Amino acid sequence: MNEEIAFHLESYQADLIAQGIDPAEARRRARLEFGSSSAAVEERCRDAYGLRLWDDFIADLRYALRQFRHAPGFTVTVIIVLALGIGANATMFTVISQTLLRRLPYGHADEIVALTAVDREGKYAGALDTDLIVWKTSHALRELLQWRNIGLTWLHYGTSLEQVERTLTGPGLCGFLQVKPFLGRCFTSSDVRSGPGNVLLLNYTLWQKAFGSNRNVLGKTARIDDKLYTIIGVMPEGFAFTPHGFPLQVWTPVPLDGTLEAGQPPSSDAMARLQPGISLEQVAAELSAKQYVLARQHVAKTSLDIAAVQVKARSLRSTLYEEDRPALLAFLAAVLTLWLIACLNVSNLLLARGVSRQRELGIRSALGAGRSRIVRQLLIESFLLSASGTAAGLVLAESVLLTFAHLLHTRLQLPDHPVPDARVLSALVAFSLLSALLFGLAPALLATRTIREQSLHRQSSSSPGRGHLRLQHALVSAEVACTVVLLVVCGLLLRTVLALRKVPLGFRIDHVALVHPQFPGYTYKDKDMQHALYGPLIERIRAVHGVQSAALTTVAPLNKEFSMMLYMSYGDTDTGPDSHTLATQLHADGRDLQKVLGFRMRQGRYFNASDTRTSQPVAVVNQTFVNLWSKSGKSLDEFPLSLAKDKKRKIRIIGVIDDVRQISLAEPPAPEIDLCAEQLLPTDNFYQPTMRTYAEIAIRTAVPIEQIAPDIRAAMAAVDPALKGSVVEAMQQVVNDNIGDQLFAAHLLETFGGCALLVALTGLYGFLAYLVSQRTHDIGVRLALGAQPAAIQWMFLARALAMIAAGLAAGVLVSLFATRLVTRFLYGVRPNDLTTLFGVVLVILTASLVAAWLPARRASNVEPMEALREA
Amino acid sequence: VGGKQLDLLQGTLDMLILKAVSLAPLHGYGVLLRIQQISGEQLQIQQGSLYPALYRLEHGGLIASEWGESENKRRAKYYRLTPAGRKQLREETVQWNRMAAVIAGVLNTQPEEL
């Protein structure tokens, strides 16, 4: 463009010279006739070209940067506050994007419905294959896929041995999920023609790890436990089913005909795709009606009232991270609140700054800048601040994610190095724009309005307009209110942690270690576990220097992963089974368990050396069991169960132990029956659900556990080399992990709450300090006329108090509702806990009065003469 | 330079530029000279308004430009008419002629014709 104009001027000049005009005069004439200045022409040209908006934008940007350089303190404060608010959100968005909103590796994944059979109380019960066969006839369903997660098993291939998660599915796995295998083929119905198929699908990671990405695996044979399977395919990278399970997975097909593979759990789960136009409620209602009939038949057959009576239908996505969903959503609410506080604060800072910039804006407006032009300029400043805050927040988020990477990986199966993905980044861009609008629009509009109200001749330090002050008051109050909500929730969680710490465990935790031996189960398939493994294992461990005692327990206290329930009917079955089913925890424990865990006996005795395989079978029960049993009107001597099938080995109850927390600290103890592990024979009824299913060894040591752990592992490996990797865990750690969720939540909320309090106090302090500086002149006059410093101080304090009180009142009101969100995390404290509420109000009141008192004192210390002279 | 020069009527510059470049591709200064030449030196064009108008027309797709070499061997930007510009010129010409006829008719009205 410049070149073109230069060419024009030159050509014209040349023509003029040709007409006989002196060259210098020619240049002057050329420039003169071209018009005012070539810069102005250029601007009009760019305007004509549609570049005006862009040029203005660049100019505004440069101007904004200059403004920031003028006020570095202000700029840095704003960016830090925004980085806190947006960084916390970036972190949470990343976590949620990879959990609740995780991409499901199936076709039309959002159509898939999870069908779950539940019992009368709505708890998971699991359906039988015979139930699923009936469900499948429903006209509401287009397709149904049954599946059964077996959990971790061992896969052998050549010399490699891998622990893998195994899922049995209907032969229609790939068709239902609308995926194609990466290699080979999927199951077909001919695979299950004669019962469970002996073909195997691998997931991609397993194929890479155990098979070295070898394409020739198809047709090869691998062993799972002691059964041989032919590998027929490899699923594509990223495919997982169950959706967020173990990294190494395999699938084998089962038919839906009621035949079961021996030793597998009888209950199945199902997924479905619905016929068009059918709602989740309709499916649930229809299947529940079918299930109710099935349940009656089942109860009539077994006389146990444990059958599933209803069917729940939910979208597959909503079943993801079911346990963690409320916690994740509660955190999301917390970080959104923090963000809101940050925006309110920045808005307040901008308002204060807007007043001191009134003169500048006035001049611009006098020079012809329209209102929209000035608003645009101010908004661009806001966007720039917001963008910087977002960038800083992203860095903050990334470092927080790295710090918690391990925890996020173990708790939520996030990738090892979670990074904000494209979805999170685009959400953040939207978020930062929204922030800028939220905190920038009101100050910008207000600033331009006051320009019109006030003229240029006012002093540069003109006092803010009424609108300004009202808005700033409201903003400070809102910040206080949000802080109250965050701190109340945080306080409730802290009280929960305290209450959980005080829960009587019923056993000792110091110098107690737990180890869960994991080995390929088939190696002991036909062997007597006690003779072949657990007996020698415990003997070896006991021989380790520093070990005082060791005992087997088929599930140690506070184990969240596993529990074995025994359903027994008692009383008169003729009157109907409903109220006569007692659900109780079933354990088999070693004779020395009491020595290790140190729980107390209420009555009778614990197992001892006199209890052997040949003596009468004995058991102990806990106090809760006694309380429930007594309702049957029978004594404990009438306990009806026997160990052997022919009722020969009748169990005698010899003692009552104190209640022990079985699953978690927050759950009250369930009834419990403990059999003596040393007495159980492989032929006994209770052998399979205890000794064969899940066992841990509890160890009492005289020395610190981390010191002795390698020796224990070595002792175990001497019995079976497969056990060399066993994890020896301190009981103290188990307890900590058990309250880990609440503890983690409380720590996180403490951090958020602390940030929020700090930001809100800065807001209050900043606003009052600004108010004082604006009114120095005014204060000087008052003092000169004889006002008492104390009265001046009170004037400001009263103002602060009004704002704080409004904020506190609103905050308390909102938190009454907000605390309902976290009810399920609380223990030993009610959501509307007055102590917490008062505590939080007191903390905020004290802290904010200090923050208000500092500027108020400055006001009363104003030197009248100086203040007047400055003006 | 003969006679008094006329100031350009509002909104007619675009039309004149289109006409000028429809005869042959021209650079900016050439457009100025051409308009003066074909108007018999009667029309006075503000040199400062020429380029904004050129850019506006180019932005609107009525003319297109490319760099070429001028008579005096300098690099210069040449403008030529696009098909859209040709259509526009035709329409504007028709419209202008009709308007001119109407206005001439109005101005020629004699009292007895009323």
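Use the structure listed above.
What this report covers is the structure whose coordinates are included nearby. Predicted, not measured: the structure shown is a model, and the values here were computed from it.

### Some points on the overall build of chain B
Helices and strands together make up the secondary structure of chain B, namely four helices and five strands. From first element to last, N terminus to C terminus, chain B shows the α and β order β-α-β-α-β-α-β-β-α. Taken across its 114 residues, chain B has 37% of its residues classed as buried. The contacts in chain B between residues at least 6 apart in sequence include a share of 50% that link residues at least 24 apart.

### Quick notes on the interface of chain A and chain B
Every contact between the two is made by 18 residues of chain A and, on the other side, 23 residues of chain B. Interface of chain A and chain B: buried area, both sides summed, is about 2000 Å²; carbon and sulfur atoms make up 56% of it. Run the count over chain A and chain B and you get zero salt bridges. Along the contact surface separating chain A from chain B lie two residue pairs in polar contact (both at pLDDT 80 or more). Counting residues per element, the ones that place at least two in the side of chain A that touches chain B are helix 1 (2–18), helix 2 (23–34) and helix 3 (38–48) of chain A. Looking at the side of chain A that touches chain B element by element, the count peaks at eight residues for helix 1 of chain A.

### Some points on the sheet that holds strand 5 (residues 75–81) of chain B
Within a sheet, each strand pairs with its neighbour through backbone hydrogen bonds, oriented either parallel or antiparallel. Residue and element names in this part refer to chain B. In spatial order, the strands read 2-5-4; together these three strands make up an open sheet with antiparallel pairing. Looking at strand neighbours, the two that pair on one side only are strand 2 (26–27) and strand 4 (63–69), the edges of this open sheet. By the bridge criterion, seven bridges tie strand 4 to strand 5 in an arrangement that is antiparallel. Each bridged residue has a counterpart across the sheet, and for Ile63 the counterpart in strand 5 is Leu81.

### With respect to the pattern of salt bridges
Residue and element names in this part refer to chain A. Applying the stated criterion across every chain, the model contains 24 salt bridges over all chains. The salt bridge partner of Asp191 is Arg185, with a shortest N-O separation of 3.1 Å. One salt bridge connects Asp592 with Lys595, and the closest N-O pair in it is separated by 3.3 Å. Each member of the salt-bridge network shares a partner with another, and the members are Asp56, Asp60, Arg373 and Arg376.

### Describing the state of the cysteines
All names here are of chain A. The final tally for this structure, using the stated rule, is one disulfide over all chains. Between the sulfur atoms of Cys174 and its disulfide partner Cys186 the distance amounts to 1.6 Å. Placement of Cys174 in helix 7 (residues 173–177) and of Cys186 in the loop between strand 5 (183–184) and strand 6 (199–202) is noted, with a sequence separation of twelve residues between them. Since its relative accessible area comes to 7%, Cys174 is described here as buried.

### Brief notes about the packing of helix 24 (residues 789–818) of chain A against helix 25 (residues 834–860) of chain A
Residues and elements named next belong to chain A. Between helix 24 and helix 25, the shortest axis-to-axis distance is 9 Å and the interhelical angle comes to 155 degrees. One way to sum up the angle between helix 24 and helix 25 is to call them roughly antiparallel. Once helix 24 is placed against helix 25, the crossing between them reads as right-handed. Where helix 24 abuts helix 25, its residues Pro789, Ile792, Gln793, Phe796, Leu797, Ala800, Leu801, Ile804, Leu808, Val812, Ser815 and Leu816 lie against Leu837, Val841, Ile844, Leu845, Ser848, Leu849, Ala852, Trp853, Ala856, Arg857, Ala859 and Ser860. Each residue belonging to the contact of helix 24 with helix 25 can be placed in one class, and the counts come to 19 nonpolar, four polar and one charged.

### Points about a nonpolar patch on the surface
Together, Met99, Val102, Ile103, Val106 and Leu107 of chain B make up a nonpolar patch on the protein surface, roughly 500 Å² of accessible area in all. Tracing the sequence through the fold places Leu107 of chain B in helix 4 (residues 83–107).

### Examining helix 10 (residues 325–356) of chain A
Relative to the 46 Å expected for 32 residues at 1.5 Å per residue, helix 10 of chain A spans 47 Å between its end C-alpha atoms, a close match to the ideal helical length. Most of helix 10 of chain A is tucked away, with 23 of its 32 residues classed as buried.

### With respect to the pairing of strand 12 (residues 512–515) of chain A
Residues and elements named next belong to chain A. Residue alternation in strand 12 divides its side chains into two sets, Val512 and Leu514 and Ala513 and Val515, and both sets are buried. Where strand 12 lies against strand 20 (residues 696–701), four bridges are found, and the strand directions are antiparallel. Among the inter-strand pairings, Ala513 is bridged to a residue of strand 20, identified as Ile699. Pairing geometry for strand 12 and strand 21 (residues 728–730), over three bridges, is antiparallel. Of the residues in strand 21, the one forming a bridge with Leu514 is Glu729.

### A look at the environment of Leu274 of chain A
Structurally, Leu274 of chain A can be placed in strand 10 (residues 267–274). Considering only alpha carbons, one finds Leu274 of chain A and Val113 of chain A, 161 residues apart in sequence, at a separation of 7.6 Å.

Parameters at a glance
- Residues numbered from 1 in each chain as written.
- Chains lettered and ligands numbered in written order.
- Predicted model: local features only at pLDDT ≥ 70, side-chain atom pairs only at ≥ 80, totals over all residues.
- Heavy atoms only, no water.
- Helix = DSSP H or I, 4+ residues; strand = E, 2+ residues; numbered from the N terminus.
- Buried < 20%, exposed > 50% of the residue type's maximum accessible area, 1.4 Å probe, protein only.
- Contact = heavy atoms within 4.5 Å.
- Buried area = accessible area lost by both parts, 1.4 Å probe.
- Salt bridge = Lys/Arg side-chain N within 4 Å of Asp/Glu carboxyl O.
- Polar contact = N/O pair within 3.5 Å; in protein donor to acceptor, adjacent residues only side chain to side chain.
- Pairing = 2+ DSSP bridges.
- Disulfide = S-S within 2.5 Å.
- Axes fitted to C-alpha atoms, helices over the stretch in contact; angles between N-to-C directions.
- Parallel < 35°, antiparallel > 145°, perpendicular 65-115°, else oblique.
- Left-handed = near helix turned anticlockwise from the far one by under 90°.
- Nonpolar A, V, L, I, M, F, W, Y, C, P; charged D, E, K, R; others polar.
- Patch = residues over 30% accessible without salt bridge, like charges linked within 9 Å, V, L, I, M, F, W, Y side chains within 5 Å.
- Areas by Shrake-Rupley, 256 points an atom, 1.4 Å probe, with all protein chains shown as cover.
- Expected span 1.5 Å × (residues − 1).

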